[in-house]
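Overview (structure and organization)
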Amino acid sequence: MRASGAGGQNIQKVETAVQLRFDARQSTSLPDAVRARLEQLAGHRLTNDGVIVIMAQRHRTRERNRVDALERLLALIREAATPPPPKRRPTRPTRGSKERRLDGKSQRSDTKRLRGRPDGD
């Protein structure tokens, strides 16, 4: 297919753009968890039928655009294949950290209190 945008005579007469289609929903080589993450990562590139469409028109030759589209698809699949990090387990602050925090607050309040005018004893 022809690439869009500016480019003069070369872009008007040469069909260098590439459209790569990968049927993620029907692919038997992907595990279910990876397939679900892949569909989520694909975003607007995913059709209603579950086909991922990748357009490549950065380069001047069809071969380089093919390689570019394939690399982008592989990067997307690799990203979907990495499992999400485990959720954070909430922890409670230690007794020492609470005491240090309160000591710091009291020191700061003493500093600010002493900035005022002296009492007229």
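The text that follows walks through the structure, step by step, so that each part is easy to find. (Residues numbered from 1 in each chain as written. Predicted model: local features only at pLDDT ≥ 70, side-chain atom pairs only at ≥ 80, totals over all residues. Heavy atoms only, no water.)

**Examining helix α2 (residues 32-42)**
Rules: Partly exposed residues are those whose accessible area sits between 20% and 50% of the maximum for their type, while under 20% is buried and over 50% is exposed, using a 1.4 Å probe and protein chains only. Numbering of helices and strands runs from the N terminus; a helix is a DSSP stretch of H or I covering at least four residues, while a strand is a stretch of E covering at least two. In this description, the arc belongs to the directions extending from the helix axis to the C-beta atoms. Two residues qualify as a contact provided that any one of their heavy atoms is within 4.5 Å of a heavy atom in the partner residue.
Of the residues making up α2, those classed as buried are V34, R35, L38 and A42. Along the axis of α2, the buried positions cluster into a sector of 100°, meaning they face one direction only. Relative to its buried face, α2 has exposed residues pointing more than 90 degrees away, namely D32 and Q40. Looking at the buried residues of α2, the elements they touch are β1 (18-23), β2 (51-56) and α3 (62-81).

**Description of a positive patch on the surface**
Let me state the cut-off plainly: Candidate patch residues must exceed 30% relative accessible area and have no salt bridge, after which like charges are joined if within 9 Å and Val, Leu, Ile, Met, Phe, Trp or Tyr side chains if within 5 Å. Computed by Shrake-Rupley with a 1.4 Å probe, the accessible areas treat only the displayed protein chains as cover when residues are assessed. The working definition used for a salt bridge is a side-chain nitrogen of Lys or Arg within 4 Å of a carboxyl oxygen of Asp or Glu. This count recognises Lys and Arg as positive and Asp and Glu as negative, with His and chain-terminal groups excluded. Every charge is mapped onto a representative atom, which is NZ of Lys, CZ of Arg, CG of Asp or CD of Glu.
Positive charge collects at one region of the surface, where R92, K98, R101 and K105 lie side by side. With respect to the element layout, K98 can be found in helix α4 (residues 95-113).

**Re the pairing of β2**
Stated precisely, the cut-off is as follows: We treat two strands as partners when DSSP finds at least two bridges between them.
The element β2 is largely enclosed, with a buried count of five among its six residues. As defined by bridge partners, β1 adjoins β2 across six bridges and the pair is classed as antiparallel. The partner of F22 across the bridge, within β2, is I52.

**Overview of the environment of V34**
Mapping V34 onto the fold places it in helix α2. Taking relative accessible area as the criterion, V34 reaches 11% and is therefore assigned buried. In this structure, V34 is in contact with A80 and A81, ignoring residues within four places of it in sequence.

**Let's talk about the nonpolar core**
Quick note on the threshold: By nonpolar core is meant a set of buried Ala, Val, Leu, Ile, Met, Phe, Trp, Tyr and Cys residues that side-chain atoms within 4.5 Å join together.
L30, L38, I52, I54, L76 and I77 are the most contacted members of the largest nonpolar core, which has 13 residues in total. Listed by contribution, the elements that provide at least two residues to this core are α2, β2 and α3. Looking at which element gives the most residues to this core, the answer is α3, with five residues. Discounting residues that sit within four places of it in the chain, I77 has contacts with F22, L30 and L38.

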